[in-house]
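Examining the three-dimensional arrangement
Below, each chain spelled out in residue letters.
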Amino acid sequence: DKDPLRFFVTQTGQIYVNPVIINHTNAFVEKKEGCMSNPSDPMKIVLRFHRITMTYQTIAYKEKDGKIVSDPFLSSEVTSGFSGPEAQVFQHECQHLNGSNIYFENASAKDCVEE
């Protein structure tokens, strides 16, 4: 029911649809990041929240006897907590979905959180 759908795909092929970071720690960690949207740009030290809680949906299918028997559909909303490299990647991707990236002059960790 959202138009357009916002999503990102991880290296493992997991699709996160309409992700929103709903909570985060106030503690920051410095992480060295690059961006595949700007592969020729150098890595940059970025401040990220240590832990996040995110709501999202996934792509689901109905199965019967191990075979897919339906067209894909959006799952119910899921709420999960993440830390470490996973939290870093999700913040990076949410930052893109919110129209910012790590190479913007005034980019900050708060760019990955919807206000």
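To keep things clear, this report deals only with the structure shown in the data block. (Residues numbered from 1 in each chain as written. Predicted model: local features only at pLDDT ≥ 70, side-chain atom pairs only at ≥ 80, totals over all residues. Heavy atoms only, no water.)

**A few points about the environment of His24**
Keep this limit in mind: Helix and strand definitions follow DSSP, with helices as H or I runs of at least four residues and strands as E runs of at least two, each counted in order from the N terminus. By definition in these notes, contact holds between two residues if any of their heavy atoms fall within 4.5 Å.
For His24, the position within the fold is in strand S2 (residues 15–24). For His24 and Ile102, which are 78 residues apart along the polypeptide, the C-alpha to C-alpha distance reads 19 Å. Residues contacting His24, with those up to four places away along its chain left out, are Phe49, Arg51, Ile52 and Val113.

**Some remarks on the pattern of salt bridges**
The condition that has to hold: Whenever Lys or Arg places a side-chain nitrogen within 4 Å of a carboxyl oxygen from Asp or Glu, that contact is recorded as a salt bridge. Only protein chains enter the accessibility calculation, which uses a 1.4 Å probe; a residue is then buried when its area is under 20% of its type maximum, exposed when over 50%, and partly exposed in between.
As enumerated under the stated definition, the model contains one salt bridge in all. A salt bridge links Glu33 to Arg48; the nearest nitrogen and oxygen atoms lie 2.7 Å apart. Of this pair, Glu33 sits in strand S3 (residues 28–33) while Arg48 sits in strand S4 (residues 44–49); the two residues are 15 residues apart in sequence, bridging distant segments of the chain. Arg48 matches Glu33 in its accessibility class, with the two residues each being buried.

**Overview of the nonpolar core**
The criterion, for reference: Working definition of a nonpolar core: buried Ala, Val, Leu, Ile, Met, Phe, Trp, Tyr and Cys residues. They are joined through side-chain atoms within 4.5 Å.
In this structure, Ile21, Ile52, Met54, Phe82 and Phe90 are the most contacted members of the largest nonpolar core, which totals 14 residues. Elements represented by at least two residues in this core include exactly S2, strand S5 (51–57) and helix H1 (84–97). In this view, Phe90 contacts Phe8, Thr10, Tyr16, Ile52, Met54 and Phe82; residues no more than four positions away in its chain are not counted.

**Focus: the packing of aromatic side chains**
Threshold: Centres within 6.5 Å make a pair out of two Phe, Tyr or Trp rings, where for Trp the six-membered ring is used; the pair is then stacked when the planes are under 30 degrees apart, edge-to-face when over 60, and tilted otherwise.
Under the counting rule described, the total for this entry stands at seven aromatic pairs. Both rings, one in Phe8 and one in Phe90, keep their centres 5.5 Å apart while their planes meet at 50°; by these two values the pair is tilted. Placement of Phe8 in strand S1 (residues 7–9) and of Phe90 in helix H1 is noted, with a sequence separation of 82 residues between them. Judged on exposure class, the residue Phe8 and its partner Phe90 are both buried. Aromatic side chains Tyr16 and Tyr56 sit 4.8 Å apart centroid to centroid with 65° between the ring planes, which places their arrangement in the edge-to-face category. Of the two residues, Tyr16 is situated in strand S2 and Tyr56 in strand S5; the sequence distance between them amounts to 40 residues. Taken together, the ring pairs in this structure connect Phe8, Tyr16, Tyr56, Phe82 and Phe90 into an aromatic cluster.

**A few points about the pairing of S2**
Basically, it comes down to this: Should DSSP find at least two bridges between two strands, the strands are taken to pair.
Across three bridges, S1 lies against S2 in antiparallel orientation. When the sheet's bridge partners are listed, Phe8 is paired in S2 with Tyr16. Where S1 hands over to S2, the hairpin turn is made up of five residues, of which Gly13 adopts a positive phi near 95°.

**Thoughts on the side chain of Thr58**
Within the element layout of this structure, Thr58 appears in the loop between S5 and strand S6 (59–60). When neighbours within four sequence positions are excluded, Thr58 is seen to be in contact with Gln14, Ile15, Phe73, Leu74 and Ser75.

**Some points on the state of the cysteines**
Threshold: Counting rule for disulfides: a pair of cysteine sulfur atoms within 2.5 Å.
Enumeration over the complete set of coordinates arrives at zero disulfides. Residue Cys35 stays outside any disulfide, its sulfur separated by 14 Å from that of Cys94, the closest cysteine. Cys94 forms no disulfide, and the closest cysteine sulfur to it belongs to Cys112, at a distance of 6.7 Å.

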